[in-house]
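Reading the structure
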Amino acid sequence: MVFVSSLLFRFSMDLERVEIKPTPVSSQTIEEMAHSPLPHGWQCYMSPQGRKYYVNTYTSETTWERPTSTPGTPKSPMTQMNSMLTVNGFHSSGSLSHHSESQHVSLRKTSSDPQSPGVGSPARRQSKESHITVNCITFPHPDAMTEQQLLKPGDWSYCDYFWADKKETQSNNSIAGFDIILVKQLKGKQMQKEMAEFIRERIKIEEDYAKNLAKLSQSPLAGVEEGTLGESWAQVKKSLADEAEVHLKFSSKLQSEVEKPLLSFRDNFKKDMKKFDHHISDLRKQLSTRYATVEKARKALAERQKDLEFKTQQLENKSTYKTEEDIKKARRKSTQAGDELMRCVDLYNQTQSKWFEEMVTTTLELERLEVERIEMIRQHLCQYTQLRHETDMFNQSTIEPVDQLLQKVDPAKDRELWVKEHKTGHIRPVDMEL
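Okay, so let's go over this structure. (Residues numbered from 1 in each chain as written. Predicted model: local features only at pLDDT ≥ 70, side-chain atom pairs only at ≥ 80, totals over all residues. Heavy atoms only, no water.)

In this section: the overall build of the protein. Scanning the protein for helices and strands turns up nine helices and ten strands. Out of the 434 residues in the protein, the part that is buried amounts to 37%. Taking contacts inside the protein between residues at least 6 apart in sequence as the whole, the part at least 24 apart equals 68%. With an accessible surface of roughly 27300 Å², the protein has 55% of that area assigned to carbon and sulfur atoms. (Helix = DSSP H or I, 4+ residues; strand = E, 2+ residues; numbered from the N terminus. Buried < 20%, exposed > 50% of the residue type's maximum accessible area, 1.4 Å probe, protein only. Contact = heavy atoms within 4.5 Å. Areas by Shrake-Rupley, 256 points an atom, 1.4 Å probe, with all protein chains shown as cover.)

Rendered as structure tokens:
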């Protein structure tokens, strides 16, 4: 009696929740079954997953196993067939809209589980072991999981490797995978700011260096040197002034073309990250709430089933009108508890599907922003090296006149020039005679 009551409860849930569209068995299959005909009132159908099941046309009872006994005593009840869609290891209720279903199936890999049997059946208990829930997120069990296709194979994309939470080493707390990506993004922004500060220090050094060069170029030291060497020395001092001008231009370009872009790139970056963080965090909170509701509904259903079994045993021991009424009332409450559980599971799966999709789209966006940030920094560092090359080239041009004049330094020529300018006569004296 307990088994029959449980069967009636499950089947009543099927009638309200599941629309089974049976597929008749092919003619070839029927011929194979002709040697052992089904009992009167039984017909064989094929589930959408390709598995045979049997329906009693008189009692509407269903079973996975081929019936060999009299009608009305099925061996293995089949309930809630196709009431759950299994997508990428996640269960989602068959009552989801076609729009939602089409959105998520394209991103997720179908589980190897052919169907999700009803609550309380042996197949359901076996299916339950193929999944685990960690921090309110449902994952395939490692022992039963088939290989899942990556969303972006070969790319090591954020959207493929941060679904689970990571346990912190110094505490029992866990940090969400999305938060790890978020921390990386904020760290990248901080590194970008520090790079700008580094360039600012370089600018300051260049400015101080240019100021000191210009000051030194005005020094009067050795200013009275004459001749070709004096010209060379004057050019040495002039080259310092030219070099000072070059370094001033270099520092100015560093400020406008490197430092300023690094500082101003994505001024509202932190605000944008907070929006992403709040959005994903809210979805995780909703998922946690949905999971708690499912557990509460599951516990309520277990209590209702236990009460139904207890009252059924009372009926077997003593049949009274009151007991039968109690059984009907207990069965009705049990059915309502089952409906509530299915509703809660449906809402949980919808929330998890929403979280799944938002995780994919948001992590891909963060990935794009990271690539954009790195490419921007690379371009401006290339600009820095180009300016540095140009500075060296300009410095070489200021030194070239010095090199050319130094090659022309001629002590004999210097002496000749000085003599011509300062000579007083070319007649030399001789010895005096007695």
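This part covers the nonpolar core. Counting 27 residues, the largest nonpolar core has W163, W355 and L366 as its most contacted members. For this core, the elements supplying multiple residues, two or more each, are β8 (137-140), α5 (177-217), α7 (269-317) and α8 (321-408). At eleven residues, α8 tops the list of elements feeding residues into this core. Sequence-distant contacts of L366, defined by excluding residues within four places in its chain, comprise Y158, F178, I181, L182, Q185, M273 and F276. Judged by nonpolar contacts, the second largest core, of twelve residues, contains A196, L262, M376 and I377. (Core = buried A, V, L, I, M, F, W, Y, C linked by side-chain atoms within 4.5 Å.)

Here we come to the side chain of H247. Position of H247 among the secondary structure elements: in helix α6 (residues 227-264). Setting aside chain neighbours within four positions, we find H247 in contact with E206, Y209, A210, L213, T391 and N395.

Positive phi, close to 50°, is recorded for N135, a residue that is not glycine. Among the secondary structure elements, N135 is positioned in the loop between β7 (131-134) and β8.

The interhelical angle for the contact between α5 and α7, taken along N-to-C directions, is 175°, at an axis separation of 11 Å. Classified by the angle between their axes, α5 and α7 sit roughly antiparallel to one another. Here F178, D179, L182, Q185, L186 and K189 of α5 come into contact with α7, specifically with F269, K270, M273, F276, D277 and I280. The residue makeup of the contact of α5 with α7, split by class, is seven nonpolar, one polar and four charged. (Axes fitted to C-alpha atoms, helices over the stretch in contact; angles between N-to-C directions. Parallel < 35°, antiparallel > 145°, perpendicular 65-115°, else oblique. Nonpolar A, V, L, I, M, F, W, Y, C, P; charged D, E, K, R; others polar.)

This paragraph deals with the packing of aromatic side chains. One pass over the structure, following the stated rule, counts six aromatic pairs. Considering the side-chain rings of W156 and Y161, the 5.0 Å spacing of their centres and the 20° angle between planes classify their relative orientation as stacked. W156 sits in the exposed class, given a relative accessible area of 67%. Classification of Y161 as partly exposed rests on a relative accessible area of 37%. Ring pairs connect the aromatic residues W163, W355 and F356, which therefore count as one cluster. Directly above the aromatic system of F250 lies the positively charged group of R388, at a separation of 5.9 Å from the ring centroid. (Phe/Tyr/Trp six-rings, centres within 6.5 Å; stacked < 30°, edge-to-face > 60°. Lys NZ or Arg CZ within 6 Å of the ring centre and 35° of its normal.)

What follows concerns the pairing of β8. Burial along β8 is two-sided: the residues I137 and F139 and T138 and P140 are all buried. When β7 meets β8, the two strands line up antiparallel, connected through four bridges. By the bridge assignment, I132 is partnered in β8 with F139. Hairpin connection between β7 and β8: a loop of two residues separates the two successive antiparallel strands, and N135 in this loop has a positive phi of roughly 50°. (Pairing = 2+ DSSP bridges.)

Let us now look at the packing of α5 against α6. Where α5 contacts α6, the two axes come as close as 8 Å, and the packing angle between them is 165°. On the basis of the axis angle, α5 is roughly antiparallel to α6. Where α5 crosses over α6, the two elements pack in a sense that is left-handed. For the contact of α5 with α6, the per-class residue count stands at 18 nonpolar, five polar and eight charged. (Left-handed = near helix turned anticlockwise from the far one by under 90°.)

There is a patch of like positive charges on the surface, built from K193, K270, K271, K274 and K275. By residue number, the principal contributor to the positive patch is α7, which donates four residues. Secondary-structure assignment places K271 in helix α7. On the accessibility criterion, K271 (57% relative accessible area) is exposed. (Patch = residues over 30% accessible without salt bridge, like charges linked within 9 Å, V, L, I, M, F, W, Y side chains within 5 Å. Salt bridge = Lys/Arg side-chain N within 4 Å of Asp/Glu carboxyl O. Lys, Arg positive; Asp, Glu negative; His and termini not counted. Charge placed at Lys NZ, Arg CZ, Asp CG, Glu CD.)

Tallied over the full model, the rule gives 19 salt bridges. Here K238 makes a salt bridge to D242, at a shortest N to O gap of 3.3 Å. You can see K238 and its partner D242 sitting in helix α6, four residues apart, about one turn around the helix. Residue classification places K238 among the partly exposed positions, given a relative accessible area of 46%. D242 gets classed as partly exposed once you look at its relative accessible area, which sits at 28%. Salt bridges here are not isolated pairs; linked through shared partners, they connect R266, E365, R368 and E372.

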